[in-house]
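Now for the letters of each chain:
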Amino acid sequence: MRRTRDEWLQLVSDRTSPAENGDEFAYQILAIDWLGQQAMVKVLCPLFEHNYVDFLGLLKEQGQWRIVNKMYANLPHTDQE
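Undergrad: Looking at this model, I keep getting lost on unusual backbone geometry. Mind explaining?
TA: Negative phi characterises most residues that are not glycine, and trans characterises most peptide bonds. Even without being a glycine, Phe48 presents a positive backbone phi close to 55°. Secondary-structure assignment places Phe48 in the loop between β2 (38-47) and β3 (50-61). Residues other than glycine seldom take positive phi values, yet Gln62 does so here, at roughly 50°. Secondary-structure assignment places Gln62 in the loop between β3 and β4 (64-74).

Undergrad: What am I meant to see in the sheet that holds β4 here?
TA: Sheets are built from strands that pair by backbone hydrogen bonding, the pairs being arranged parallel or antiparallel. One open sheet holds the 4 strands; their spatial order is β1-β2-β3-β4, and the pairing between them is antiparallel. Strand pairing shows two members of the sheet lacking a second neighbour, β1 (28-35) and β4, which therefore form its edges. Pairwise comparison of adjacent strand axes, ignoring direction, gives a mean angle of 20° for this sheet. Inspection of the sheet shows β1 paired to β2 by 7 bridges, in the antiparallel sense. Each residue of the ladder has a partner; that of Ile29, found in β2, is Val43.

What counts and what doesn't
Residues numbered from 1 in each chain as written. Predicted model: local features only at pLDDT ≥ 70, side-chain atom pairs only at ≥ 80, totals over all residues. Heavy atoms only, no water. Helix = DSSP H or I, 4+ residues; strand = E, 2+ residues; numbered from the N terminus. Pairing = 2+ DSSP bridges. Axes fitted to C-alpha atoms, helices over the stretch in contact; angles between N-to-C directions.

Nothing here speaks to function; it is all geometry.
Dropping the structure here:
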């Protein structure tokens, strides 16, 4: 599924934030690949009842790192007994 930034912002604009729900911030950086002014970052993002993995493309522009691309997948739920 593809969304523009504006479409994604509209989808999340009315959503209650995890902080408002009292959820703990538990994101984890899993990997960083960096070469010059470009980087790819893989982040574990537990959010509500999901565990997402975000793949973020970054560029360094005017001395600041900026996210220029985001792809994500929802990890399948597994019961561990």
